[in-house]
Amino acid sequence: MKKLLVLALPAALALALNSTAFADGAGVYGDNCAKCHGDDGKGATKMGTKLGCKDYSDATVQAAITDDQAFKSVKEGLKKDDKTLMKPSELSDDDIKASIAYLRTLKK
Ligand code: HEC
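Residues numbered from 1 in each chain as written. Predicted model: local features only at pLDDT ≥ 70, side-chain atom pairs only at ≥ 80, totals over all residues. Heavy atoms only, no water.

### Observations concerning the coordination of the iron atom of the ligand
Around the iron atom of the ligand, the protein supplies His-37 (NE2) and Met-86 (SD) as donor atoms, at distances of 2.0 to 2.2 Å. The coordination sphere of the iron atom of the ligand comprises six donor atoms, whose angles at the metal cover 85 to 179°; the geometry is octahedral. One end of the pair, His-37, is in helix H3 (residues 34-37); the other, Met-86, is in strand S2 (residues 83-86), and 49 residues separate them in sequence. A relative accessible area of 14% means that His-37 is categorised as buried. (Donors = N, O, S within 2.8 Å, 3.2 Å for Na, K, Ca; no water. Tetrahedral: all angles 85-135°; square planar, octahedral: opposite > 155°, others 65-115°. Helix = DSSP H or I, 4+ residues; strand = E, 2+ residues; numbered from the N terminus. Buried < 20%, exposed > 50% of the residue type's maximum accessible area, 1.4 Å probe, protein only.)

In structure tokens form, the structure reads like this:
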């Protein structure tokens, strides 16, 4: 029994570390952002067009926003006048960072 525990513990720990320290940016983005921003970051989806998503494959658009600003907008939500563009995210800080890092890779 004791031996089993010794074997199981590091495995569980490795799994836990894996899911927090290395959040899967592409997966998080695909599940939570792509419906508006698009798989390619261009925002040409139905929702994206309706809400006015910018083209994040465009280097100029990417350069106009810092990582800190991007993080804040995703975490706290983004409004324009009375219109909600993005709701405050329920994702963990690590997942938000990972999804933004992934968005950065969509720059052409
Ligand atoms: C309901 C649609 C929707 C979803 C879902 C969504 N966004 Fe947005 N997002 C927008 C709109 C609309 C804007 C404002 C126009 C723009 O910058 O593209 C925006 C803006 C942004 C900005 C720029 C913020 C700023 O301060 O200018 C970033 C970065 C961003 N989104 C990243 C994300 C990430 C990462 C996710 C997923 C975790 C996500 N968005 C999910 C609609 C959405």
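Now that the structure has been shown, we can carry on.
### A closer look at the packing of aromatic side chains
Counted by the stated rule, this structure contains one aromatic pair. Taking the centre distance of 5.3 Å and the plane angle of 55° together, the rings of Tyr-29 and Tyr-102 count as tilted. Here Tyr-102 lies in helix H7 (residues 93-105) and Tyr-29 lies in helix H2 (residues 25-32), a separation of 73 residues in the sequence. Taking the relative accessible area as the measure of exposure, Tyr-29 reaches 2% and is therefore buried. Given the relative accessible area of 26%, Tyr-102 is considered partly exposed. (Phe/Tyr/Trp six-rings, centres within 6.5 Å; stacked < 30°, edge-to-face > 60°.)

### Looking at the pairing of S2
When strand S1 (residues 78-80) meets S2, the two strands line up antiparallel, connected through three bridges. Paired with Lys-80 across the bridge in S2 is Lys-83. Taking the residues that link successive antiparallel strands as the turn, the S1-S2 hairpin has two residues, and the phi of Asp-81 there is positive, at about 55°. (Pairing = 2+ DSSP bridges.)

### Topic: the layout of surface pockets
For the largest pocket, the calculated volume is near 1,100 Å³. Along the walls of the largest pocket sit 36 residues, with His-37, Val-74, Leu-78, Leu-85 and Met-86 positioned nearest its centre. Of all the secondary structure elements, the ones that give two or more residues to the lining of the largest pocket are H2, H3, helix H4 (46-51), helix H5 (59-63), helix H6 (67-76), S1, S2 and H7. Grouping the constituent residues of the lining of the largest pocket by class yields 19 nonpolar, nine polar and eight charged. (1 Å grid on protein atoms, 1.4 Å probe; cavity = no way out; pocket = protein on both sides within 12 Å on 5 of 7 lines; lining within 4 Å. Points joined across faces, edges and corners; volume = space filled by probe spheres on them. Nonpolar A, V, L, I, M, F, W, Y, C, P; charged D, E, K, R; others polar.)

### Concerning the site of the ligand
Contacts to the ligand come from 22 residues, most closely from Cys-33, Cys-36, His-37, Ser-73 and Met-86. Taking Tyr-56, its side chain carries an N or O atom lying 2.6 Å from an oxygen atom of the ligand. A distance of 2.5 Å separates an oxygen atom of the ligand from a polar atom in the side chain of Ser-73. For the shell around the ligand, the secondary structure elements donating two or more residues are H3, H4, H6, S2 and H7. Sorting elements by how many residues they give to the shell around the ligand places H6 first, with four residues. Residue classes in the shell around the ligand are distributed as 15 nonpolar, six polar and one charged. (Near = heavy atom within 4 Å. Polar contact = N/O pair within 3.5 Å; in protein donor to acceptor, adjacent residues only side chain to side chain.)

None of this, on its own, says anything about what the molecule does.
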